[in-house]
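Spelled out, the chains give:
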Amino acid sequence: MRLLLVEDDPMIGESLRNALRLEGFAVDWVRDASAADGTLASERFDLVLLDLGLPPGRSPVAAADAGGLGVLRALRARHDSTPVIVLTARDGVGDRVAGLDAGADDYLVKPFELDELSARIRAVLRRHSGRAQPLLSHGGVTLDPATRQVTRQGVPVLLSAREFAVLEALMLRPGALLSRAQLEDRLYGWGEEIESNAVSVYIHQLRRKLGADFIQNMRGVGYYVGTPAGPATPPQAGGA
Ligand code: CA
């Protein structure tokens, strides 16, 4: 899961980024509205954590003038449905209402506990993917995003954080093909070194632990579990 954290407070930003990385998320962090706007316009994330009180940044764009709210409005104006949780100050009732009305999926009031943030991230991702059921289950393998436990035919399977991340990405949408690059995006934040054959190694380990047939690949296209339904994000033809 790849998250974009938008937070100008260096202490909150750093501690959140580190804590969320320990939880197994790939986290990128930007510190102002124009950086957030530019990043969201050019890269894909599974979820955005958006502080509403943001400085405009070095090269203010229209969206940056209105801080986090402007970033959110610009995102939704691009018809981008990436889930967003807004982070607001304790006395910011108006901010929370404006955030939800501008298209946020949930909010958290600072200061908050990491456990609550993680639970809200999972809940928002679950709703976004149209699942009511918190467990991911396929072909005898069950994955619990909350406890990060995986079982095969009821027997616990021990996975590394990155093996878990690969498996979770594939099991979220059985049948969807994920390319090596899409999997790398979900595994690594900016500045993290990617070994060239890392994804192949994780897939190899997962097959060893979950059965050789559990993860399939379509040569030159990508990996999937279940019956292939076509590329997860087909290239846009034309566009605005
Ligand atoms: Ca702030």
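Sequence order as written defines the numbering, with residues in each chain counted from 1. Confidence filtering applies because this is a predicted model: local features only for residues at pLDDT of at least 70, side-chain atom pairs given and counted only at 80 or more, and all residues used for totals across whole chains, interfaces and linings. Only hydrogens and water are set aside when side-chain values are computed; all heavy atoms of the structure are taken into account.

Draft legend 1. Representation of the side chain of D28. Looking at the element boundaries, D28 is found in strand β2 (residues 26–30). Of the polar contacts made by the side chain of D28, one reaches the side chain of R2; its length is 2.7 Å. Note on definitions: a residue-residue contact is assigned when non-hydrogen atoms from the two residues lie within 4.5 Å. Among all residues touching D28, those that are not within four sequence positions of it are R2, L3, L4, L5, F45, G189 and W190. The helix and strand labels rest on DSSP assignments: H or I over at least four residues marks a helix, E over at least two residues marks a strand, and numbering proceeds from the N terminus. Any pair of nitrogen or oxygen atoms within 3.5 Å is treated as a polar contact; in protein, a donor-acceptor pairing is required on top of that, and neighbouring residues in sequence qualify only through side-chain atoms on both sides.

Draft legend 2. Just the packing of helix α2 (residues 33–42) against helix α3 (residues 67–77), in detail. Interaxial distance between α2 and α3 falls to 9 Å at its minimum, and their mutual angle equals 15°. Here α2 lies roughly parallel to α3, going by the angle between them. Remark: the crossing between α2 and α3 carries right-handed chirality. Contacts between α2 and α3 involve A33, A36, D37 and L40 from the former and G67, V71, A74 and L75 from the latter. Residues are sorted three ways: Asp, Glu, Lys and Arg are charged, Ala, Val, Leu, Ile, Met, Phe, Trp, Tyr, Cys and Pro are nonpolar, and all the rest, Gly among them, are polar. Of the residues in the contact of α2 with α3, the class split is six nonpolar, one polar and one charged. Each axis is a line fitted through C-alpha atoms, taken for helices only over the stretch in contact, and angles between the N-to-C directions span 0 to 180 degrees. What sets the label is the angle itself: under 35 degrees gives roughly parallel, over 145 gives roughly antiparallel, 65 to 115 gives roughly perpendicular, and the rest give oblique. Handedness of a helix crossing follows the sense of rotation of the near helix relative to the far helix, less than a right angle counterclockwise being left-handed and clockwise being right-handed.

Draft legend 3. Region of interest: the domain arrangement of the protein. Domain assignment breaks the protein into domain 1 (2–129) and domain 2 (136–224). Either an automatic procedure or a domain database provided the assignment from which the domain bounds are taken. The gap between the C-alpha centroids of domain 1 and domain 2 is 26 Å. Contacts between the two partners involve 15 residues from domain 1, matched on the other side by ten residues from domain 2. As used here, buried area is the combined drop in accessible area, with a 1.4 Å probe, of two parts when they are placed together. Taken together, both faces of the contact between domain 1 and domain 2 bury some 960 Å²; the carbon and sulfur share is 50%. On the surface where domain 1 and domain 2 come into contact, there are one residue pair in polar contact (both at pLDDT 80 or more). Of all the elements in the fold, those that place two or more residues in the side of domain 1 that touches domain 2 are β1 (2–6) and β2. By residue number, the principal contributor to the side of domain 1 that touches domain 2 is β2, which donates five residues. Looking at side-chain class alone, the side of domain 1 that touches domain 2 contains six nonpolar, two polar and seven charged residues.

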